[in-house]
Amino acid sequence: MSDEDIVVVGAGPAGLAVSACLRAQGLVHRVLEREADVGSAWRRHYDRLHLHTAKGSSGLPFAPWPADAPRYPSREQVVGYLARYASQHAIAPRFGIEVRRIRRREERFAIDTSGGPLSPRFVVVATGSNAVANRPALCGLERFEGSVMHAAAYRNPSPFIGKRTLVVGCGNSGAEIALDLAEQGVEVAMVVRGPVHVVPRDLLGVSTQQIGVLLSVLPLGLRDAIVAAVMRMAVGDLSQWGVVRPRTGLNRMIEESGRIPLLDIGTIAMIKAERIRVRPAVDEVLADGVRFADGAVHPFEAIVLATGYTPGLQRIVEGFDAIADGHGRPDRFGAESAIPGLFFVGFRNPPTGALREIAIEARRVARALASHAGRPQSVKS
């Protein structure tokens with residue numbers, strides 16, 4: 001194969017891992033990245049962000065985290081790790097190249113890019129689950145006189161000091177942004193629309209991700225029964241603070257809907273201390289406040305939309321709807337899709353950790369492509 005035969009789209013953790021594994025198989029390829037650096041999403045994240053998964057289970061193929069790194073590396077440390085990874089594995093993406101459309105045409109693909117057309121035999125899409133910010137159509141948002149930003153643009157609490165702020169969304173980004181604001185004395189409320197699983201990041205000194213890895217060999221129902229019993233003891237009943245545990249088990253919810261739990265690093269303590277107020281769903285945004293589903297109206301000067309992201313794969317992959325899982329993700333992870341020659345890596349976020357899953361998927365895809373090329377498979381599981 002030539003470097004025109006395999007194209008990897010994206011130079012974040014998934015794209016870098018795939019490239020390193022392809023090199024280990026002796027497969028030449030081309031990596032395309034629309035930004036100017038590797039790991040661009042991590043470079044844009046908010047300042048206080050750390051890995052939510054332990055370093056021991058978060059290394060990319062052939063590159064464990066250094067011993068002197070903390071258990072949960074910071075955003076800056078992740079950026080440095082990715083840059084070193086690219087250098088160590090001689091990964092040289094073509095930067096500033098945006099992939100506009102990927103179409104299957106007979107035995108090859110037709111890729112429309114900002115740098116011109118490409119026609120590879122195989123394509124690995126590794127653009128990540130957070131490609132497109134999801135901005136919900138909140139009733140009345142256009143009349144709000146305060147500031148509004150998506151969590152994708154949030155960096156630190158400085159612009160919010162002295163402003164009553166509403167964080168819409170209680171995923172990991174929303175919970176951590178609310179915590180960041182509360183720690184700096186901002187009067188903050190967080191919207192929790194419905195039931196949510198809450199899991200402490202550590203349990204008795206052990207990362208809950210590592211516990212998830214140990215439990216992953218068990219049947220789904222048994223895993224959920226064990227997790228529910230442990231969380232009842234570790235987290236307790238939070239309903240008096242407006243946080244209700246779902247009836248659906250944690251692992252089943254992830255498998256069926258892709259919804260991951262709130263990995264708590266201090267937000268719940270702030271809620272209990274009433275330094276973060278929990279509010280129900282937004283009913284209507286007013287000029288100077290918000291009316292909530294319970295009828296209560298509260299004033300705000302700023303709103304942060306921590307309302308998640310979508311992969312945006314429908315925009316670039318022709319026929320993607322036919323191979324999607326109903327949540328905007330591919331229906332096969334780290335394996336050849338129903339479109340021959342097309343692979344997806346890095347779109348699954350299991351309780352065992354997204355980076356760990358990326359490492360597994362990257363090796364699997366490299367072995368599959370080596371098989372297509374008739375080469376002996378050298379990348380171990």
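Residues numbered from 1 in each chain as written. Predicted model: local features only at pLDDT ≥ 70, side-chain atom pairs only at ≥ 80, totals over all residues. Heavy atoms only, no water.

*Asks:* Break down the packing of helix H1 (residues 13–24) against helix H10 (residues 354–372) for me, citing the residues and quoting the values.
*Replies:* Interhelical geometry of H1 versus H10 gives an angle of 40 degrees and a closest axis separation of 8 Å. Taken together, the axes of H1 and H10 are oblique relative to one another. Judged by the twist between their axes, the crossing of H1 over H10 is right-handed. Counted together, Pro 13, Ala 14, Ala 17, Val 18, Cys 21 and Leu 22 of H1 and Leu 355, Ile 358, Ala 362, Arg 363, Ala 366 and Leu 369 of H10 form the full contact between these two elements. (Axes fitted to C-alpha atoms, helices over the stretch in contact; angles between N-to-C directions. Helix = DSSP H or I, 4+ residues; strand = E, 2+ residues; numbered from the N terminus. Parallel < 35°, antiparallel > 145°, perpendicular 65-115°, else oblique. Left-handed = near helix turned anticlockwise from the far one by under 90°. Contact = heavy atoms within 4.5 Å.)

*Asks:* Now, about the packing of aromatic side chains: what can you tell me, with residues and values included?
*Replies:* Applying the stated criterion across every chain yields a total of seven aromatic pairs. Ring geometry for Phe 344 versus Phe 347: centroids 6.0 Å apart, planes at 75 degrees, classification edge-to-face. Taken individually, Phe 344 and Phe 347 each receive the classification buried, so the pair is uniform in this respect. Among the aromatic side chains, those forming a connected cluster through ring pairs are Tyr 46, Tyr 154 and Phe 160. The cationic tip of Arg 201 hangs over the ring face of Tyr 72; the distance from NZ or CZ to the ring centre is 3.9 Å. Lying across the ring of Phe 62, Arg 363 places its NZ or CZ 5.7 Å from the centre. (Phe/Tyr/Trp six-rings, centres within 6.5 Å; stacked < 30°, edge-to-face > 60°. Buried < 20%, exposed > 50% of the residue type's maximum accessible area, 1.4 Å probe, protein only. Lys NZ or Arg CZ within 6 Å of the ring centre and 35° of its normal.)

*Asks:* An account of helix H5 (residues 208–215) is requested, with residue identities and associated values reported.
*Replies:* Burial in H5 covers these residues: Thr 208, Gln 209, Gly 212, Val 213 and Leu 215. One face of H5 carries all of its buried residues, which in axial projection span an arc of 165 degrees. Elements that come into contact with the buried residues of H5 comprise strand E12 (198–200), strand E13 (202–203), strand E14 (206–207), helix H6 (220–234), strand E15 (262–264) and H10. The residue sitting at the N-terminus of H5 and contributing the capping side-chain oxygen is Ser 207; that oxygen lies 3.1 Å from the backbone nitrogen of Gln 209. (Arc of directions from axis to C-beta. Polar contact = N/O pair within 3.5 Å; in protein donor to acceptor, adjacent residues only side chain to side chain.)

*Asks:* So, the pairing of strand E2 (residues 30–33): which residues are in play, and what are the values?
*Replies:* Look at any regular strand and the pattern is simple: side chains alternate between the two faces of the sheet. Of the two faces of E2, the one carrying Arg 30 and Leu 32 and the one carrying Val 31 and Glu 33 are both buried. As paired elements, strand E1 (residues 6–9) and E2 share three bridges and run parallel to each other. Its bridge partner lying in E2, Val 7 is registered against Arg 30. Since E1 and E2 lie parallel, the crossover through H1 that links them has a hand, and here it is right-handed. The pairing of E2 with strand E3 (residues 94–95) spans two bridges and is parallel. Its bridge partner lying in E3, Leu 32 is registered against Arg 94. (Pairing = 2+ DSSP bridges. Right-handed = clockwise from strand over helix to strand, strands pointing away.)

*Asks:* Give me the sheet that holds strand E17 (residues 282–285): which residues, what numbers.
*Replies:* Here three strands make up an open sheet; going across it, the order is E17-E18-E19 and the pairing antiparallel. Two strands lie at the open edges of the sheet, namely E17 and strand E19 (297–299), each paired on one side alone. Across the sheet, the axes of successive neighbouring strands diverge by a mean angle of 25 degrees, strand direction being ignored. In terms of strand pairing, strand E18 (residues 289–292) meets E19 through three bridges, oriented antiparallel. Within E19, the position partnered with Val 290 by the bridge is His 298.

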